[in-house]
Amino acid sequence: MSWGYLVHLDLELPEAAWADVAASALPVTPWPVSNVSDYFVPRRWGGDTVGTLLARTWSSDHASSAHAVTRGQKSGRTTIGLMVHVDRANDLIYEVGTLPGVLATVARAGGSGSLVVVSDGSGDGPSWKWSMNGTAIKCSTLSAAQEQKLVAELLLRMGPAEPTRAPAEKPKPAGPFARRPVHFEVAYRASEKPQTLDIEISYARPPLVGMAAAQMRQIVTHITMGATGGAEFAPRHSSGRLLSGPIDPAKSGVDKKDFHWKLDVRGMSPFYVRHIVARMKLTSNEPATSMVIRGALPVDDSAAAVRTETIDAWMLDDTAWTKACPDPGFAIKDVDVAKGMKVRLTSARPPTDDMNRAFASLLMQWSDACAFMPKGTGPFGMNPPKPGKSKTGFSAASTGFELARKPPRDQLVNFLIHFHDTVCPLVSAELAFPG
């Protein structure tokens, strides 16, 4: 599930109290939702304070719009302001999750202020507003009318983070890719023969407990569903499994910042290395300081081989993702739509309940596999398509699709080939994406 949120923090407190507030340890205040992992997660980092949190630039690889915290003085009082537009794929959810606790700290210091975290309409999540009543903090859920009003006001006040340019005028990226590990090594040559793939990653500080394991578990899951196939290898000739390393979040260890996974892969597209780097270079807001990805086969000068400099270039190229297999085994019709996306599959036999469940799982895993792909028609990414019912096959649609068209489209084709081969044979697929 993808969604976008507008965040507005407005604080004012006695100037004499600011030093003590800034030096305070980050508090953790529970969020008013039953499953905070679906939204924002409050987090305490060792050594971090309210001051260091607010001193951050609040920029993000995936933030639609990022603005630095503003601080000033007014009549002997310190003022703090923050406005940022983020989505679920971004690396700021832990900072945002901690803001209610910051508000409570300011209230105890005799300050005033409010915090608004409002859905921008790209998802179906709730919106909240925190306000102060003396030293007490009150949280309320906003109505649909309040959401619409606040979204309009905040977007108007925030404006674009950078001037909007026509695609032809957009400068080419230069320099290292965002969040590039200080120590970064890649040596992999794709082959239909099985080989071990070692992935060693160290983070600056221990990520949130279980998050690195959970991210790698998703990679392994996507591999088993055809994600690593592509133009080089058909998904039916692509496979992978975990040999060692943590993928169970509950058993991955506390205060762990160094990880080593060993996979057995076959027919893994060289472009899939880019997927691994994009997902693992930042985990629960902790940047990887070292990342080594090494296959067992020696690299050569063929197109199947990738080195560190290859991934350096691909990470700055929005087209450098796994391509669609050219021989899916069923007919594919591409359709242009103005917004959203749709998929309609005609199957060789009537769908069963088990097949429908497998298709729903495919949609969820495919949308997760696209989480780090480039934005296209808008800033919000994608909501997972909702499956529909059909007597002749399968269908699904998402009204919230704003990614660039080709990378997710090609990834979906590869997922569907695996579905065709292992779950239900397909006759045809109609794929509708924004043109």
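Provided above is the structure to which this section pertains.
Residue numbers run consecutively from 1 along every chain, following the written order of its sequence. With pLDDT at 70 or above as the cut-off, local features in this predicted model cover only qualifying residues; side-chain atom pairs require 80 or more to be listed or tallied, and sums for whole chains, interfaces and linings still use all residues. Excluding hydrogens and water, the side-chain values take into account all heavy atoms of the structure.

(A) Examining the overall build of the protein more closely. Numbered from the N terminus, helices here are DSSP runs of H or I no shorter than four residues, and strands are runs of E no shorter than two. Counting its secondary structure elements, the protein contains 9 helices and 18 strands. Buried residues in the protein amount to 50% of all 435 residues. Each accessible area is a Shrake-Rupley result for a 1.4 Å probe, and residues are judged covered by the shown protein chains and nothing else. With an accessible surface of roughly 19,300 Å², the protein has 53% of that area assigned to carbon and sulfur atoms. Between buried and exposed lies partly exposed: a residue is buried under 20% and exposed over 50% of the maximum accessible area for its type, with that area taken using a 1.4 Å probe on protein chains only.

(B) Focus on the nonpolar core. If you look at the biggest cluster of nonpolar residues, it comprises 70 residues, and the most contacted ones within it are Leu197, Ile199, Val273, Val277, Met280, Ile293 and Trp366. The criterion used for residue contact is that any of the two residues' heavy atoms lie within 4.5 Å. In contact with Trp366, other than residues within four places in its own chain, are Met341, Met382, Pro385, Phe401, Pro408, Gln411, Leu412, Phe415 and Phe433. In this text, buried Ala, Val, Leu, Ile, Met, Phe, Trp, Tyr and Cys residues form a nonpolar core when linked through side-chain atoms within 4.5 Å.

(C) Representation of unusual backbone geometry. One non-glycine residue, Arg179, adopts positive backbone phi at about 60°. Assignment of secondary structure puts Arg179 in the loop between helix H4 (144-158) and strand S7 (183-189).

(D) Main features of the side chain of Asp368. Tracing the backbone through its elements, the reader meets Asp368 in helix H8 (residues 353-369). Residues within four places of Asp368 in sequence aside, it is in contact with Gln218, His222 and Arg279.

(E) Geometry of the pattern of salt bridges. For salt bridges, the criterion is a side-chain nitrogen of Lys or Arg within 4 Å of an Asp or Glu carboxyl oxygen. Under the counting rule described, the total for this entry stands at 16 salt bridges. Of the charged contacts, one joins Asp410 and Lys406 as a salt bridge, the two residues approaching to 2.4 Å between their closest N and O atoms. Of this pair, Asp410 and Lys406 are both found in helix H9 (residues 406-422), 4 residues apart, which corresponds to roughly one turn of the helix. Each of Asp334, Lys406, Arg409 and Asp410 takes part in salt bridges that share partners, so that together they form one network.

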